[in-house]
Amino acid sequence: MTIAPVQRTATTAWTDVRLILALEEVVETELNRHLKAAKEWMPHEYVPWSRGRDFDGVLGGEAWSLDQSKVTPLARISLVVNLLTEDNLPSYHHEIASMFGREGAWGTWVHRWTAEEGRHGIAIRDYLLATRAVDPVELERARMAHMSEGFESDNAHSMLQSVAYVAFQELATRIAHRNTGHHSGDELCDQLLAKIANDENLHMVFYRNLLKAALEIAPDQAMRAVADVVLNFRMPGHGMPGFERSAAQIAIGGIYNLRIHHDDVLQPVLRHLKVMEITGLGPVGQHAQDELGAFLDGLNAQATRFDERQAALLARRAAAAAARA
Ligand SMILES: [Fe+2]
Ligand SMILES: [Fe+2]
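Quick summary incoming for the structure in this document. Per chain, the residues get numbers from 1 upward, laid out in the order the sequence is written. To read the labels, note that chains go from A and ligands from 1, taken in the order they are written. This being a predicted model, a pLDDT of at least 70 is required before a residue's local features are given, and a value of 80 or more before pairs of side-chain atoms are given or counted; all residues contribute to the totals for chains, interfaces and linings. Where side-chain values are given, they derive from all heavy atoms of the structure, hydrogens and water being excluded.

### Re the packing of helix α9 (residues 219-231) against helix α12 (residues 283-324)
Point 1. Taken N-terminus to C-terminus, the directions of α9 and α12 make an angle of 25 degrees; their axes are 8 Å apart at the nearest point. As judged from the angle between their axes, α9 and α12 are roughly parallel. Here α9 and α12 pass one another in a crossing that is left-handed. Every residue of α12 that contacts α9 at Asp220, Met223, Arg224, Val226, Ala227, Val230 and Leu231 is listed here: Pro283, Val284, Gly285, Gln286, His287, Ala288, Gln289, Glu291, Leu292, Phe295 and Leu296.
Point 2. Side-chain classes follow a simple rule in which Ala, Val, Leu, Ile, Met, Phe, Trp, Tyr, Cys and Pro form the nonpolar group, Asp, Glu, Lys and Arg form the charged group, and the remainder, Gly included, forms the polar group. Considering only residue class, the contact of α9 with α12 consists of eleven nonpolar, four polar and three charged. Interaxial angles span 0 to 180 degrees and are taken between N-to-C directions of axes, which are lines fitted to C-alpha atoms, for helices over the stretch in contact. A run of DSSP states H or I qualifies as a helix once it reaches four residues; a run of E qualifies as a strand once it reaches two. Both are numbered from the N-terminal end. An angle below 35 degrees is read as roughly parallel, one above 145 as roughly antiparallel, one from 65 to 115 as roughly perpendicular, and any other as oblique. Take the far helix as your reference; a near helix turned counterclockwise from it by less than a right angle gives a left-handed crossing, and one turned clockwise gives a right-handed crossing. Only heavy atoms enter the contact rule, under which two residues are in contact if any of them lie within 4.5 Å.

Written out as structure tokens, the structure reads:
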């Protein structure tokens, strides 16, 4: 991981404490905007309780079996990854509360965000269990393993990197939920994940607007932070059991891959903030912007190679399926 070099210009470099104070007013404005934009929704309304029944064990009901699951095999993988990611909320709360504090507008945001994220895990788990979409024993064991590891942010050493990371990560999560819904084969699942994706979008807007303010008050350091985050980006669920294997399926299936990461996550945020058009930077900011530009070009080329491999693989799969039919 690259650690941002400390900028030493005529003015003293911004420390995390100074930045947190300087951004408090922006946080308050964005918090109020968020509270107006966010519409209350009820997770229980998205769960088809009538499709649920007792499991084996204490209640002596029916054990789970694969044929009970009505979502696609790809959605089974992705729903578990998304839920386990949401499940690690206590660790995320710890990370952002330690970084942003629990007082004032920052604190109100941290708690509100945590409450909204909590709803996501509740809703997805209730849906999965009521519809018997995934193996509940495997799910619980994976949750225990994942949460027992905790989550440690790659960016805990830098307030600006923390803000930059969550701006991209919230959008990444939005896209992952949205595309999982599209590939689920169940209209209700699609509706639920659209609702969750909408929350993630509002979270992204909050952090993106904060990052915009940071780029204005500390352009060189903020540019360095954006470059470091983009160059080293990892999904928040990277530590869960079997993540690499699941991520590969999710990529091939078109839920989240390099092309989507480049086109639907990195570029929209960078373009909105006009990151590549910022001028008048000092040497640190200029170097970071150049590095970012070169990285994005490389990533785009890599994504094109991925697109070609994906198309070839899907064509082979289709041909094999046709031969079997
Ligand atoms: Fe979430
Ligand atoms: Fe979120």
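### Some remarks on the pattern of salt bridges
Point 1. One side-chain nitrogen of Lys or Arg within 4 Å of one carboxyl oxygen of Asp or Glu is enough to make a salt bridge. One pass over the full model with this rule turns up 13 salt bridges.
Point 2. With a closest N to O distance of 2.8 Å, Arg234 and Asp154 form a salt bridge. With a gap of 80 residues between them, Arg234 in the loop between α9 and α10 (243-252) and Asp154 in the loop between α6 (136-149) and α7 (159-182) connect regions that are remote in the sequence.
Point 3. Burial classes: relative accessible area under 20% of the type maximum marks a residue as buried, over 50% as exposed, and values in between as partly exposed (1.4 Å probe, protein chains only). On the basis of relative accessible area, Arg234 is assigned to the partly exposed category, the value being 38%.
Point 4. One salt bridge in this structure joins Arg178 and Asp190, with 3.4 Å as the shortest N-O distance. Here Asp190 lies in helix α8 (residues 187-217) and Arg178 lies in helix α7, a separation of twelve residues in the sequence.

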